[in-house]
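Single-letter residue listing:
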Amino acid sequence: MITLKINGETKTWDGDPSLSLLWYLRDELGLTGTKFGCGEALCGSCTVMVGDDAVRACITAVSDVSGDVTTIEGLHPTGDHAVQKAWRQVNVPQCGYCQSGQIMQAAALLKQNARPSHDQIREAMAGNICRCGCYQRIENAVHLASTGV
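Predicted, not measured: the structure shown is a model, and the values here were computed from it. (Residues numbered from 1 in each chain as written. Predicted model: local features only at pLDDT ≥ 70, side-chain atom pairs only at ≥ 80, totals over all residues. Heavy atoms only, no water.)

On to a nonpolar patch on the surface, then. Nonpolar side chains collect at one region of the surface, where Trp23, Phe36 and Tyr97 lie side by side and expose about 250 Å² of accessible area between them. Its location among the elements puts Tyr97 in the loop between α3 (82–90) and α4 (99–112). You can call Tyr97 partly exposed: its relative accessible area is 32%. (Patch = residues over 30% accessible without salt bridge, like charges linked within 9 Å, V, L, I, M, F, W, Y side chains within 5 Å. Areas by Shrake-Rupley, 256 points an atom, 1.4 Å probe, with all protein chains shown as cover. Salt bridge = Lys/Arg side-chain N within 4 Å of Asp/Glu carboxyl O. Helix = DSSP H or I, 4+ residues; strand = E, 2+ residues; numbered from the N terminus. Buried < 20%, exposed > 50% of the residue type's maximum accessible area, 1.4 Å probe, protein only.)

Put into structure tokens, the structure is as follows:
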């Protein structure tokens, strides 16, 4: 039996411990904001936070999770986390598919570095792919969020 804290709620799992966190969140808990992209931790669509760290849920086994998990659904109850507000102000998304992973990566960055430079933002966000090419807007939104929006 595995016990996890997901978005502040304690959950237990007595299934396959090697199940990826991504499929546990999506299929078992119905938290579909975390997206499947590449399945190899290369695109960042599945990014969640474990503790204060950005983690690729597609390659993380449920049994390997140590720390509280925050998904896009748990970042802020009304979608008003500073990063989410900045995303709306800057009109970041086009298709929106990568956005939950982008937002979670940005939120993890800001937990670890409240005032990152533009170079630090680019470096931290580099592993998250945006098929629409909204990188400049993403960088601007992360910078805006770091100012406290």
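Attention now moves to α3. For α3, the set of buried residues is Val83, Gln84, Ala86 and Trp87. All buried residues of α3 lie within an arc of 160° about the axis, which places them on one face of the element. Where α3 is buried, its residues meet α2 (72–75), α4 and α6 (135–146). Two residues or fewer past α3, Asn91 is found with a positive phi of approximately 55°. (Arc of directions from axis to C-beta. Contact = heavy atoms within 4.5 Å.)

Applying the stated criterion across every chain yields a total of five salt bridges. Note that Glu9 and Lys11 form a salt bridge whose closest N and O atoms lie 3.2 Å from each other. Assessed through its relative accessible area of 47%, Glu9 is described here as partly exposed. With a relative accessible area of 26%, Lys11 lands in the partly exposed category. Here Asp80 ties to Arg88 by a salt bridge, and the two come within 2.7 Å at their closest N and O atoms. Owing to a relative accessible area of 45%, Arg88 belongs among the partly exposed residues under this scheme. Residues joined by salt bridges that share partners form a network here, namely Asp119, Arg122 and Glu139.

To describe a pair of aromatic rings, one takes the distance between the centres and the angle between the planes. Inspection of the entire model under this criterion finds two aromatic pairs. Taken together, a centroid distance of 5.4 Å and an interplanar angle of 65° make the contact between Trp13 and Tyr24 edge-to-face. Taken as a pair, Trp13 in strand β2 (residues 9–13) and Tyr24 in helix α1 (residues 21–28) lie far apart in primary sequence, eleven residues in all. Of the two residues examined, Trp13 and Tyr24, each falls in the buried class. (Phe/Tyr/Trp six-rings, centres within 6.5 Å; stacked < 30°, edge-to-face > 60°.)

The next subject is unusual backbone geometry. A positive phi angle is found at Asn7, which is not glycine, with a value near 50°. One can find Asn7 in the loop between β1 (2–6) and β2. A relative accessible area of 25% means that Asn7 is categorised as partly exposed. One non-glycine residue, Asn91, adopts positive backbone phi at about 55°. Residue placement: Asn91 occurs in the loop between α3 and α4.

Note on soluble globular proteins: their nonpolar side chains tend to be buried together. Counting 23 residues, the largest nonpolar core has Leu75, Val83, Trp87, Ile138 and Val142 as its most contacted members. Put simply, the parts of the chain that give this core at least two residues each are α2, α3, α4, α5 (118–125) and α6. At seven residues, α4 tops the list of elements feeding residues into this core. Leu4, Ile6, Leu22 and Tyr24 belong to the second largest nonpolar core, which has 18 residues in total. (Core = buried A, V, L, I, M, F, W, Y, C linked by side-chain atoms within 4.5 Å.)

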